[in-house]
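Coordinates in review
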Amino acid sequence: MTNILILGAGFGGVSAALKLEKKLKRNFSASGGPAAGWKITLVDRNNFHLFMPSLYEVATVYGLIEDGFAKYLRGSVAIPLSETLENKKIDFVQTEIKEVNLRKRFVNTGAGNKLDFDYLIIALGGETEFYGIPGVQDYAFNFKAIDDAIGIFKKIREIYDNYQKENRAEPIKIGIIGGGFTGVELTAELACCVKNIVKACSLDKKCTQIQLFEAGPAILPVLNVRQRKSIEKRLRKLGVNIRLNSQVEEVGPDSIKTKAGGELTGFDLIIWTGGVRGSRLLENLGLKLTKRGTIEINDFLQTKNSDETSNKNIFAIGDSATLIDPQTKKPVPAMAYVAHDQADVAAENIIRTIKNQRMGPYKPFYDAWIAPAGGKWAYFHYKGLNIAGFWGYCLRQLVDLKYFLRILPLSKALSLFFKDLVMFTRND
Ligand SMILES: Cc1cc2nc3c(=O)[nH]c(=O)nc-3n(C[C@H](O)[C@H](O)[C@H](O)COP(=O)(O)OP(=O)(O)OC[C@H]3O[C@@H](n4cnc5c(N)ncnc54)[C@H](O)[C@@H]3O)c2cc1C
C-alpha cells in the first residue's frame, strides 16, 4: 500500500488530493501498476475548506436576517469537506496535527495516534505574524480565520448599537493595520458596510472615521503606480483615511501608536492584517526554513533540508512553502491560485516518481490578481490586461464560480455561488 498523506485542506491540500485521486485512478486502478494499492489521506483541524478570498465579506456583511449562531454566515465561506470529497477515494481525518516526524515517516495527531506516509505534501498554510509588537495580539482583531471575521461582524453591530444608545458625540473610529491586499479589501468593504448602517439608522454621515495604517510609503507595494493610484482613489472616495509611513509600534485597548505620528486614541475597533508567517509546526523538523518560517523548496516542490539536500518524497506547497522565482530572484507570492498550481505539480511529481519517471518543474506564474475594493468594484489584472470597476467585479465573481465548480459538484457549486452573491451584495 502506498500511503500519500496531505497535511492541510486549504487551497493547496484540497487541490492536491483531488488531482492525485483523479490521476491515480486513471493511471493505476485498472492496470494494477506499482501503486495499485494506494491511499490518499487528507488531514485538517477543520471539517471544512475555508474560502479565504471572501472572508472580508463575512466580516462586513450587512442586513443579514437574524442568524444567532452565524450558521448561515459561516456557510458562505466554510465549504464542508464532506461535499468536496463526496464519492472520492480520499480519506479525511479531522484532527489537530501535533508533530511531523520526517525521519520515521509519520504524523502525530495526538492521543497516541499516528498516520504513516510514503509520500507527504505539506500544505499547512500560514499563521499571523505579530512581529512582537506590544498589544497587537491582546487588543487588535486578527483576520485569518472564520471566527476572526465573525468576531468583527459582531463587534461592528455592537459598536453601532451602543453609539445610538449612548447618543455619543465623538465619532466611531476604526483602524485597520496593514496596507496589503487583505487590509485594503477589508477596509473598502467596511466603508460600504458603514455607509449602509448610517443610512438605515439615520446617523450623521460623518459619524465614522476609517483609517488604514501602512508602515511603508505606499499601500499594495507590489503594484505599479497606475494600479495603485486607481485603488487609492477608490478608497478615498469611500472616505478612508490612508496613513502611509505609519509603522505601528504599539496597540492599546483603544489606541494605535505609530513610530512617526505618536499615539492616536479613541479607537472602537482595531484590526491587524500586518503579516503572515509559516506554521510553528514546521520548526525543528530539520527542514530549511526562511526568515518567515516557511519551508524552502526546489523547482520540483520538494522540501530542502538544512544542509541544502532535497527530500525525495516530501513536498511543500502554498503558504507553507517558499520558492525563489529564478527570473525575478524574489519569492513567489503567497496566493490561492499559486497554492492550487503548485498542488497540480506536486501531485504530478508524485505520480511520476511512482512510475519511475523524471519529475517536472513548477513554472511560477503570478502575473494575475484581483483586488476587490468595496461594493461592485474590483481591480482585475491579468498579464497586460487591467480592468477596474464593475467589470473587474464581474470577473472576480466568475473566478470564484470557476473555483467552486472545481471543488464541488455542479449543483452545490451553483448554490454556494448564488447564496454568496445575494448575501454579499447587500452592502453594494
Ligand atoms: C483574509 C484573506 C484573504 C485572501 N484573499 C485572497 C485572494 O483574494 N486571492 C488570493 O489569491 N489569495 C488570497 N489570500 C491568500 C490565500 O488564501 C492563501 O494564499 C491560500 O489560502 C494558501 O493556501 P494553502 O493551502 O497554502 O493554505 P490554507 O488555505 O491556509 O490552508 C491551510 C490548512 O491547513 C490547516 N492547518 C494548519 N495547521 C494545522 C494543524 N496543526 N493541524 C491541522 N490542520 C492544520 C488549516 O486549517 C487550513 O485548512 C487571502 C488570505 C487571507 C488571510
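So, here is what we can say about the structure in this document. (Residues numbered from 1 in each chain as written. Predicted model: local features only at pLDDT ≥ 70, side-chain atom pairs only at ≥ 80, totals over all residues. Heavy atoms only, no water.)

**Digging into the sheet that holds strand 23 (residues 368-372)**
What the three strands build is an open sheet, ordered 23-24-25; its pairing is antiparallel. At either margin of the open sheet sits one strand with a lone partner, and together these are strand 23 and strand 25 (385-389). In this sheet, adjacent strand axes meet at a mean angle of 5° when their direction is disregarded. As paired strands, strand 24 (residues 378-382) and strand 25 are joined by five bridges and run antiparallel to one another. Bridge pairing in strand 25 links H381 to N386. Here helix 8 (residues 225-237) sits on the sheet in contact with strand 23, strand 24 and strand 25, set at roughly 165° to strand 24. (Pairing = 2+ DSSP bridges. Helix = DSSP H or I, 4+ residues; strand = E, 2+ residues; numbered from the N terminus. Axes fitted to C-alpha atoms, helices over the stretch in contact; angles between N-to-C directions. Contact = heavy atoms within 4.5 Å.)

**A short note on empty space enclosed by the protein**
Tallied over the full model, the rule gives one cavity of 30 Å³ or more. The computed volume of the largest cavity comes to approximately 170 Å³. For the largest cavity, the lining is made up of 19 residues, of which S54, E57, Q397, D400 and F424 are closest to its centre. Secondary-structure elements contributing two or more residues to the lining of the largest cavity are helix 2 (55-60), helix 10 (390-407) and helix 11 (410-424). Top element by residues in the lining of the largest cavity is helix 10. It accounts for five residues. Across the lining of the largest cavity, the residue classes tally to eight nonpolar, five polar and six charged. (1 Å grid on protein atoms, 1.4 Å probe; cavity = no way out; pocket = protein on both sides within 12 Å on 5 of 7 lines; lining within 4 Å. Points joined across faces, edges and corners; volume = space filled by probe spheres on them. Nonpolar A, V, L, I, M, F, W, Y, C, P; charged D, E, K, R; others polar.)

**Examining a positive patch on the surface**
On the surface, a cluster of positive charge is made up of K195, K199, K233 and K237. Residue assignment for the positive patch shows that the elements contributing at least two residues are helix 7 (181-200) and helix 8. Along the polypeptide, K199 turns up in helix 7. Using a relative accessible area of 71% as the deciding quantity, one classes K199 as exposed. (Patch = residues over 30% accessible without salt bridge, like charges linked within 9 Å, V, L, I, M, F, W, Y side chains within 5 Å. Areas by Shrake-Rupley, 256 points an atom, 1.4 Å probe, with all protein chains shown as cover. Salt bridge = Lys/Arg side-chain N within 4 Å of Asp/Glu carboxyl O. Lys, Arg positive; Asp, Glu negative; His and termini not counted. Charge placed at Lys NZ, Arg CZ, Asp CG, Glu CD. Buried < 20%, exposed > 50% of the residue type's maximum accessible area, 1.4 Å probe, protein only.)

**Quick notes on a negative patch on the surface**
Where like charges cluster on the molecular surface, the negative patch consists of E249, E250, D254 and E263. Along the chain, E250 falls in strand 14 (residues 248-251). By relative accessible area, which is 36% here, E250 ends up partly exposed.

**Concerning a nonpolar patch on the surface**
There is a patch of nonpolar side chains on the surface, built from L405, L410, L414 and F418 and spanning about 360 Å² of accessible area. Tallying contributions element by element places helix 11 first for the nonpolar patch, with three residues. Position of L405 among the secondary structure elements: in helix 10.

**Thoughts on helix 8**
Compared with an ideal rise of 1.5 Å per residue, which puts 13 residues at 18 Å, helix 8 spans 18 Å between its outermost C-alpha atoms and is within 8% of the ideal. Its buried side turned inward, helix 8 meets helix 7, strand 12 (208-213), strand 13 (240-243), strand 23, strand 24 and strand 25. N-capping of helix 8 is provided by N224, with a side-chain oxygen placed 3.1 Å from the backbone N of R226. Where helix 8 ends, the next residue or the one after it, G239, has phi of about 90°, a positive value. (Expected span 1.5 Å × (residues − 1). Polar contact = N/O pair within 3.5 Å; in protein donor to acceptor, adjacent residues only side chain to side chain.)

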